[in-house]
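# Geometric and topological summary
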Protein chains: 2
Amino acid sequence: MFQNAPLQGSNAERSRHQNRQAVLGQIHRQGTMGRAEIARALSLSTQAVSNIIADLSGDGLLIERGHLNVGRGQPARQYALNPKGGFALGIEVRPDAVLSALLNMEGQAVVTKRVALQKTDPGTIVDTVKTLFHHALADVPNARRRMLGAGIVMPGPFGATGITGHGTGLEDWCDVDPTTLFSDALGLPVEVSNDANAAAMAERLSGAAQDLSTYAYLYFGAGLGLGLVSGGHLVQGAFGNAGEIGHIPAPGCRDNLESALSRSSVQRHLQRVGKKGDDIEALDELFTHEDNDLYDWLNQATEALAYAVTIVENIFDPETVILGGAMPDQILNHFVAHTLLPAQSVSNRPNPKLPRLQRGTSGRMTATLGAAALVLHRTLSPQIAHAH
Amino acid sequence: MFQNAPLQGSNAERSRHQNRQAVLGQIHRQGTMGRAEIARALSLSTQAVSNIIADLSGDGLLIERGHLNVGRGQPARQYALNPKGGFALGIEVRPDAVLSALLNMEGQAVVTKRVALQKTDPGTIVDTVKTLFHHALADVPNARRRMLGAGIVMPGPFGATGITGHGTGLEDWCDVDPTTLFSDALGLPVEVSNDANAAAMAERLSGAAQDLSTYAYLYFGAGLGLGLVSGGHLVQGAFGNAGEIGHIPAPGCRDNLESALSRSSVQRHLQRVGKKGDDIEALDELFTHEDNDLYDWLNQATEALAYAVTIVENIFDPETVILGGAMPDQILNHFVAHTLLPAQSVSNRPNPKLPRLQRGTSGRMTATLGAAALVLHRTLSPQIAHAH
DNA sequence: CGGATTAACTCAAATAATTTGAATAATCAA
DNA sequence: TTGATTATTCAAATTATTTGAGTTAATCCG
């Protein structure tokens with residue numbers, strides 16, 4: 001899945017493709033830009049950019065947005081991404097439900113939907129995904145022709161590994177290659193990833209990591225996940241299972257990090273004292289009422305979090321660590337405010353430009369949005385070309 | 001140093017450059033190849049490859065190596081890298097000495113040297129490095145014109161961080177930018193990295209990782225370092241300090257992983273019982289005589305190593321973890337053989353193609369060779385182009 | 001107010017790399 | 001010996017780029 005593909009040489013056609021992507025990406029990062037400005041940013045001639053913009057406008061990917069006047073000289077005609085120029089489907093498969101989001105080119109969700117699942121075999125899930133796709137298409141005129149691809153998020157780890165304890169609920173999926181399965185079913189190019197990785201990309205598309213290129217994302221999902229972004233690209237590992245930080249044993253934790261720092265952890269903790277902590281609303285409620293049992297959990301979870309951050313900072317040296325996922329914002333804020341970050345860390349700098357730990361801002365559907373973000377990322381940033 | 005540089009667009013000239021690099025890299029990986037074979041591998045026309053090969057041969061980077069006959073059809077003229085076509089200087093700066101190695105295009109060391117240091121201020125070290133460079137040039141005719149660049153390895157972490165405890169011995173270097181310093185002094189393009197990262201690349205150039213693209217390298221240097229290679233490229237972190245695994249506190253370790261698993265750790269342990277473990281030879285000797293005190297250390301070190309591997313596997317999901325650095329091969333072998341690898345890991349696969357933990361094979365000068373390998377890597381693999 | 005300056009953009013030609021297609025060369029196999 | 005196969009070369013076509021001159025539209029400044 002992530003093998004050492006041989007690199008491709010370049011020719012005129014592939015240069016054009018790369019330059020188109022570069023122009024789109026540049027405009028995406030900046031919002032709106034003029035031809036000459038783009039040319040300077042990409043070290044291309046204005047003429048080349050002009051040609052490419054004509055192309056992209058013709059394809060409906062760019063729209064003009066008036067003129068910008070910054071002093072002397074002819075005002076620059078500004079271009080922006082056409083929100084309706086392209087769409088990306090994001091699908092999140094959970095053991096109990098499938099979520100979908102259709103994002104436009106600007107990264108805004110135009111349709112979202114959730115369907116509960118009775119069975120989790122590949123057939124059922126593929127059918128559900130197909131239905132969700134057709135629903136989304138029905139709501140958005142012309143989206144069919146403008147689909148850029150689909151991103152699928154599934155609970156990891158992928159393939160047969162030593163991690164079996166927690167049961168992902170998707171046991172029938174061992175021998176299936178999800179990429180070709182969904183690609184054939186939807187008739188779209190497909191990217192598959194796990195929840196934490198996708199969430200990390202969601203945060204880059206429209207959240208706290210918009211201007212970051214090297215950061216880590218700690219994600220509360222089924223367990224505790226980690227998404228690593230280096231130089232703007234996901235670090236997925238050799239088999240797509242990078243970031244399984246939850247399974248690391250930690251000092252002071254019963255079993256591993258996940259056993260002290262995850263949704264199941266807090267749920268178990270509250271269950272023992274006869275309280276309900278199944279959903280985000282319940283946790284939010286408890287936190288608002290300063291529930292003592294929840295605070296007990298928070299105290300030991302904060303220690304586990306400090307340890308997780310220590311590992312991530314020293315191994316990966318990110319610009320910042322972002323915290324997000326299936327937790328109430330209040331609790332995430334509590335973590336950010338009350339976690340005692342280790343002094344013994346390469347990230348403990350004298351005058352940091354960014355907080356070492358911050359809360360993600362892309363909301364509850366992070367992973368679903370992230371699935372679509374994977375697709376947008378591919379179309380907006382020039383990739384090293386691989387053969388086949 | 002590792003900021004989010006904007007991407008560059010492509011044009012004919014830059015395509016040629018990229019294709020030249022791709023051809024060189026392809027030949028490097030394969031040993032020798034014919035034009036048509038290269039064309040297929042890179043999805044280029046044979047004519048394009050023919051032109052590029054004429055170019056590269058003219059520049060002295062390729063040499064012809066006879067004909068290869070594989071059945072019907074005209075035999076293909078084979079090309080290989082010209083070992084004397086390019087050289088890379090590797091420099092390793094330690095608190096007590098500076099080491100140098102001049103590698104040819106094939107990655108073989110043609111000159112190596114070591115100079116002890118009295119002082120470690122930038123001026124002294126730059127002078128030493130200059131002298132080593134000129135010595136190397138004097139020994140190899142025509143190397144001056146054919147220098148591809150220099151790689152410098154220095155003990156991390158770089159910049160002001162929370163890691164101060166162990167004292168790198170290079171305190172005067174806080175406010176110096178080593179890249180421009182050495183680049184100006186040597187008149188060469190320079191890459192700066194830490195020892196573990198460089199060692200990881202050495203292993204890829206000519207060691208155990210030649211056919212791997214995503215792996216981790218645990219390195220015994222001053223402390224315990226980690227080099228991460230993802231998709232053939234180093235993961236260096238936002239500030240170049242990725243891989244400081246030694247500073248992570250671990251269950252069962254006095255202070256952190258490094259305090260149980262490093263040269264200083266074994267040295268301290270042996271010192272307490274009045275034995276000498278300062279250099280590799282002494283450790284080798286003790287191991288050969290099955291010294292009980294050394295074995296005591298090994299037992300607890302093996303546990304620390306198991307934990308380090310757990311972290312690395314679950315966070316990074318590598319194809320394999322390679323163990324190397326300043327330890328006798330015997331001891332590294334002992335670690336590989338006797339470390340109880342965790343079952344709770346994404347790397348615990350049913351039918352692994354590679355051992356999860358293996359010993360590096362690039363010998364004692366790994367980091368110095370790795371410094372030069374950074375330069376060769378840059379010239380042999382097409383990079384995403386960045387502006388400026 | 002009006003000419004000089006500045007900057008963005010366009011047009012047409014030049015350029016530099018590629019691909020394409022036909023021709024040639026060298027080997028194997030029947 | 002002849003036909004099939006594969007590698008390579010040559011010359012022309014192609015495709016993207018850059019270059020340079022010219023146009024447009026704004027600000028600056030006397």
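Another aspect to go through is the protein's contact with DNA strand D. Lining the immediate environment of DNA strand D, one finds 27 residues, of which Ser45, Arg72 and Gln74 of chain A together with Gln47 and Ser50 of chain B sit closest. The protein-proximal atoms of DNA strand D, defined as those within 4 Å of the protein, are 68% sugar or phosphate. Within the backbone of Gly73 of chain A, one N or O atom sits 3.5 Å away from a base nitrogen of DNA strand D. Gly73 of chain B is positioned such that a nitrogen or oxygen atom in its backbone is 3.2 Å from a base oxygen of DNA strand D. At the level of secondary structure, the elements contributing two or more residues to the surface near DNA strand D comprise helix H1 (12–30) and helix H3 (46–58) of chain A together with helix H2 (35–42), helix H3 (46–58) and strand S3 (76–81) of chain B. Here the surface near DNA strand D is built from residues that sort into seven nonpolar, 14 polar and six charged.

Attention now moves to the nonpolar core. Soluble globular proteins tend to bury their nonpolar side chains together. Counting 78 residues, the largest nonpolar core has Leu218, Ile245 and Phe335 of chain A together with Leu218, Ile245 and Phe335 of chain B as the members making the most contacts within it. Ignoring sequence-local partners within four residues, the contact set of Ile245 of chain B consists of Asn314 and Ile315 of chain A together with Leu218, Leu224, Gly225, Leu226, Leu257, Ala308 and Val312 of chain B. Counting residues in each nonpolar core, the second largest holds 47 residues, with Leu61, Leu212, Tyr215 and Ala371 of chain A among its members.

In this section: the packing of aromatic side chains. Enumeration according to the criterion identifies eight aromatic pairs over all chains in this entry. Judged by centre distance (6.3 Å) and plane angle (35°), the ring pair of Tyr217 of chain A and Tyr219 of chain A falls under tilted. Residue classification places Tyr217 of chain A among the buried positions, given a relative accessible area of 1%. In this structure Tyr219 of chain A comes out as buried when scored by relative accessible area, which is 5%. By the ring-pair criterion, three or more aromatic residues cluster together here, those being Phe220, Trp297 and Phe335 of chain A. The aromatic ring of Phe239 of chain B is capped on one face by Arg349 of chain A, whose charged end is 3.7 Å from the ring centroid.

So, about the pairing of strand S12 (residues 321–325) of chain A. Looking along a regular strand, one sees side chains alternate from face to face of the sheet. All names here are of chain A. Counting buried positions over the five residues of S12 gives five, a clear majority of the element. Every second residue of S12 is oriented toward a common face, with Val321, Leu323 and Gly325 on one face and Ile322 and Gly324 on the other, all of them buried. Pairing of strand S9 (residues 215–220) with S12 involves five bridges; the strand directions are parallel. Residue pairing in the sheet places Phe220 in a bridge with Gly325 of S12. Examined bridge by bridge, S12 and strand S13 (residues 357–359) share three bridges and lie parallel to one another. Looking across to S13, one finds that Leu323 is bridged to Arg359. In terms of handedness, the path from S12 via helix H11 (residues 329–338) over to S13 forms a crossover that is right-handed.

Calculation rules
- Residues numbered from 1 in each chain as written.
- Chains lettered and ligands numbered in written order.
- Predicted model: local features only at pLDDT ≥ 70, side-chain atom pairs only at ≥ 80, totals over all residues.
- Heavy atoms only, no water.
- Near = heavy atom within 4 Å.
- Polar contact = N/O pair within 3.5 Å; in protein donor to acceptor, adjacent residues only side chain to side chain.
- Helix = DSSP H or I, 4+ residues; strand = E, 2+ residues; numbered from the N terminus.
- Nonpolar A, V, L, I, M, F, W, Y, C, P; charged D, E, K, R; others polar.
- Core = buried A, V, L, I, M, F, W, Y, C linked by side-chain atoms within 4.5 Å.
- Buried < 20%, exposed > 50% of the residue type's maximum accessible area, 1.4 Å probe, protein only.
- Contact = heavy atoms within 4.5 Å.
- Phe/Tyr/Trp six-rings, centres within 6.5 Å; stacked < 30°, edge-to-face > 60°.
- Lys NZ or Arg CZ within 6 Å of the ring centre and 35° of its normal.
- Pairing = 2+ DSSP bridges.
- Right-handed = clockwise from strand over helix to strand, strands pointing away.

From the geometry alone we can't say anything about function, so treat these as descriptive.
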